[in-house]
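Coordinate inspection notes
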Amino acid sequence: GWGFFVGRLEVGMAKRTNASGYRDTLNLPRTGFPMKADLPRREPERLRWWDQEGFYHRLRRERAGAPVRLLHDGPPYSNAHLHMGTAANKVWKDALVRVANLMGCDSPFVPGWDNHGMPIEMHVTREFRERQQQPDRARLRRRCREYAAEWVAVQRDEFRRLGVWGDWERPYLTMDPAFEAQILDAFARLAARGFVQRGQRSIHWCPTDRTALAEAELEYHDLESPSIYVAFPLEADATGALRGLEPLAAVAWTTTPWTLPANLGLMVHPEADYVAVEVGSARYLVAEARRAAVADALGWGSAPAARRLRGRDLLGSTFRGPWGRDSRVVDGTPFVTLEDGTGLVHTAPGHGKEDFQVGLRSALGVLCPVDEAGLYTEGAEPFVGRSVLEVDGDVMGLLERRGILLGQGRLRHSYPHCWRCKRPVIFRATDQWFMIIDHDGHRRRCLELIESAVRWDPPSSQNRIRESVRNRPDWCLSRQRSWGVGIPAVYCEGCGRALLDSRVIARAAQRTREQGSDAWFEDPVESFLPEGFACEGCGAAGPFRKETDILDVWFDSGATHHAARGTHPELDQVWQRGERDGGRVVYFEGPDQHRGWFNSSLMVSAGLRARAPYTDVLTHGWVLDAEGKAMHKSLGNVVSPQELVGRFGADIVRWWALATDWRNDVRVGEEIMARVAEAYRKVRNTLRFLLGNLHDFTPDQALPPERMTRVDRLFRSRLAARLEGMREDYEANLFHRAADKLLDVCTVDLSKLFLDLAKDRLYTLAPSDPERRSAQSVLWAALHDLSVAASPVLVFTAEEAWQSHPALVAESPSVHLARWPAPPRPEPEWEEDWELLMRVRDAVYATLEPLRAQEALNTTAAAEVSLTLDRPSAQRLARYRGELASFLIVSEVRVAEGPAWRVEAGRTSRPRCERCWTYRADVGENPAHPELCGRCLRALAGRPRT
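In this report, the structure presented in the accompanying data block is examined. Here the residue numbers are simple positions, counted from 1 along each chain's written sequence. Side-chain atom pairs in this predicted model are given and counted only at pLDDT of 80 or more, local residue features only at pLDDT of at least 70, and totals for whole chains, interfaces and linings cover all residues. Hydrogen atoms and water are omitted, and side-chain values are computed over all heavy atoms in the structure.

Considering empty space enclosed by the protein
We place a 1 Å grid over just the protein atoms. Points where a 1.4 Å probe fits but has no way out form a cavity, open points with protein on both sides within 12 Å along at least 5 of 7 lines form a pocket, and any residue with an atom within 4 Å of a point lines it. Grid points are joined across faces, edges and corners, and a volume is the space filled by probe spheres set on the points. Inspection of the entire model under this criterion finds 3 cavities of 30 Å³ or more. Here the largest cavity defines a volume of roughly 120 Å³. Lining the largest cavity are Tyr56, Leu59, Asp94, Val97, Arg98, Asn101, Leu102, Trp165, Ser791, Pro792, Val815 and His816. Taken together, the elements giving at least two residues each to the lining of the largest cavity come down to helix H3 (55-63) and helix H4 (84-102). The biggest single contributor to the lining of the largest cavity is H4, with 5 residues. Each helix is a run of H or I in the DSSP string that is no shorter than four residues. Each strand is a run of E no shorter than two, and both are numbered from the N terminus.

Here is the structure:
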């Protein structure tokens, strides 16, 4: 266990000094840095002090003009308390920013929030509904703004409680009027470049929330769906390839029976082989590659082929769809595969992205007899008014009565769900505003930027964003909601034409800047129209009506790199300098943002400026419970960061986050936090021991290397190398490795090695003895450098340690204003010497341990050791001969040369000094003090006993 040197040494010294009467002659540790951290109480006091001193803004002034490393904050949503994932994300970001500042970079942090969108609107709507009130849009939006502001205040306090530094007084909020105006400015610029168009697409639609959804607003969950085979009787043979096969029916397989009322075609692969198989007196058309599987599923037996055809021979032929409409055979490349189904794919252009594309190029038309609530409309009789998500069974019954349902089953597959209501979504063809992804080579440009302009960490994340961009459809920008930035378009009431005019957008942006985005919804349309405004289509001068849809909130967040710069001039200056001088701009979020914020930000930035908004993208994992499960209230496994901070303190939560590799999923639980708290105590006790033994030391008392002992010089080089390793890990964002090294230095290099071997000098020599000052010089370097190295992780504890020594405060008023220490010049061949000393130490202790187990020795200090080493090792070790006994904490060491290594040890015959408890030959030489050694006598010389 962790008996640890601090308690062990202090208790031991108390015992020996009380017994011998020499207590007041020893240099016992003294410090106001307490062993008990009491973080939940002390940390808020430190926060208030930081604020009073304005240290964040002082840091900004001190780093002004330095190389730029800027982290742009991915905005959390302002509608709930922080969860563990949000807390960890902000701690990782804070560490990255602190490291950049430590290394001398200009690294401001402007936190931000996403305020618009459906979750807040739904909550506020529920509030009104519970009060049996029906608010108009203006009242609803006002309450949404208030609600968002309330949660911004809550989350800001929770982030700050975690020790996160930033410009908390001036964050960016997507609902601020100036920010909303900048969002419209980005929209206007994209529209002017031809990216924004209105048109019909078959898009993901949430019938529950009655709005279009973006790709990033989808979650995929397993869903059990019907799996049915449907016959489409032949009506017209376009090429003559099917002559003589009547009666013939094409067979299509689908897992969405509800889309069959909108069927307009059958897709085939032109180069695939198809067969008309005989089943009794009937003939059915399927792909040759699927014949056996279909025959097996439908019980057809051998199903001999009456004729073989190529897919191209079927193009243009017409079959009768399940609702009696013509279903024309069209080229389905590249969407028809022969891995499942029948090789003929039922297509409803109104209900699928690929179907819409095929329908458009094949002139099938679009049929979508489904309204915004997901209810069937005219053309889907007899199910008009029924929900498409609840009618599959009845559709199948109708097909069976019509004699065209050939077989049915169940299939479990991944299906898109709305990320908010968690219910299945549908594809539905509607008129919407889109950003055209392939306009002016935009998709190609984005892919080039992904490959050449951005560093992706971990590297595998590059594949995820590449595939997401390569496969994304046109971006549906419009949402049928109330809480958001209105799309500044108008419609001609005469001809219905949608008009996106730069002058209208400019007026909308100006009014938004002055009044907020409510102005678009509350002011009359005439106030946004320039003089002489007329319809581009029919030429009419009016009347006009405003668009009521809002912009997708992913456009809000995707434009934050543009809007934050437009609303924060100081940030824009740093950003510009970074772009000019090769600085870095970092985005740091979770894996869902390859379809979300990373993606939308790239779309906007590449469209506006033909460049990526970031130079570095860091993708962290999910935060899971101790069993590796996602946390949900329904499972009862949610861990609250607020509760952990209240119990353990923010530094413990920070250590938990930063001591794990953020590239992987991170777990949290009671046992995990207990281990983290134990690791923290080890670091804290190390800092306490260092401070306690430096109470009478100032940096001007530090010895130059040539006056230090050889072991101390060697350890100083070792400490510097360990610190350099931490620096490299920090700069590579490997926070967990830096934290591991920090803990290792405290528990191994310092506690188990140096502090143990140095304690005798520290406690028993005269205060200004050169050997004691030599050890203190090492301790000072350790205290200074470890306080700095710990500061990105343990922000409160590192500051507490820094403030506990006046010489540190004299160097910098806060550890968080300090810079990473410059390494000292290492000792020549120090690594070879270190390896040899460690090998000798291990060999000696392996020999002594059995003696201690047999109680032949009660302490290593009572041992004398004989070492036989090979000639090179003996010669190298000779440099340390005078220090070997203290290094090994034994009474005496003799070294001889021999053919092989050998260690011999036994109990020394030397007497023990009652003051320092070391065994020395000169104990008792002074008759006046027969209990003391000569070294202790020299230490006592000139010191009055009290």
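Okay, back to it.
A word on unusual backbone geometry
Cis geometry marks the peptide bond from glutamate 381 to proline 382; its omega dihedral reads 10 degrees. For proline 382, the location among the structural elements is in the loop between helix H9 (353-362) and helix H10 (392-401). With an omega of 0 degrees, the peptide bond between aspartate 457 and proline 458 qualifies as cis. Tracing the chain through its elements places proline 458 in the loop between strand S17 (455-457) and helix H12 (461-471). Positive phi is not limited to glycine here, since glutamate 829 has a value of about 55 degrees. As for its position among the elements, glutamate 829 is in the loop between helix H26 (806-811) and helix H27 (830-853).

Notes on the environment of arginine 210
Structurally, arginine 210 is set in the loop between strand S4 (196-206) and strand S5 (211-212). Separated by 161 residues in the primary sequence, arginine 210 and aspartate 371 have C-alpha atoms spaced 9.1 Å apart. Non-local contacts of arginine 210, meaning those with residues more than four positions away in its chain, are made with Trp205, Glu372, Ala373 and Gln480. Residues are treated as being in contact if the distance between any of their heavy atoms lies within 4.5 Å.

Observations regarding the pairing of strand S8 (residues 265-268)
Under the scheme applied here, a residue whose accessible area is under 20% of the maximum for its type counts as buried, over 50% as exposed, and between as partly exposed, the area being computed with a 1.4 Å probe on protein chains only. Along S8, one buried face is formed by Gly265 and Met267 and the opposite face, lined by Leu266 and Val268, is buried too. Of the strand pairs in this sheet, S8 and strand S13 (residues 326-331) are connected by 4 bridges, and their pairing is parallel. By the bridge assignment for S13, leucine 266 is matched with valine 329. Bridge analysis of S8 against strand S14 (residues 345-347) gives 3 bridges, and the strand direction is antiparallel. Counterpart to methionine 267 in the pairing with S14 is valine 345. Should DSSP find at least two bridges between two strands, the strands are taken to pair.

What about the nonpolar core?
Of all hydrophobic cores here, the largest spans 145 residues; its most connected members are Trp92, Trp655, Trp656, Val668, Phe735 and Phe754. Once residues lying within four places of it in the same chain are set aside, the contact partners of phenylalanine 754 are Asp712, Phe715, Asp749, Arg761, Ala775, Val778 and Leu779. The criterion is simple. A nonpolar core is a set of buried Ala, Val, Leu, Ile, Met, Phe, Trp, Tyr and Cys residues joined through side-chain atoms within 4.5 Å. Phe179, Ala489, Ala508 and Val525 belong to the second-largest nonpolar core, a separate cluster that totals 70 residues.

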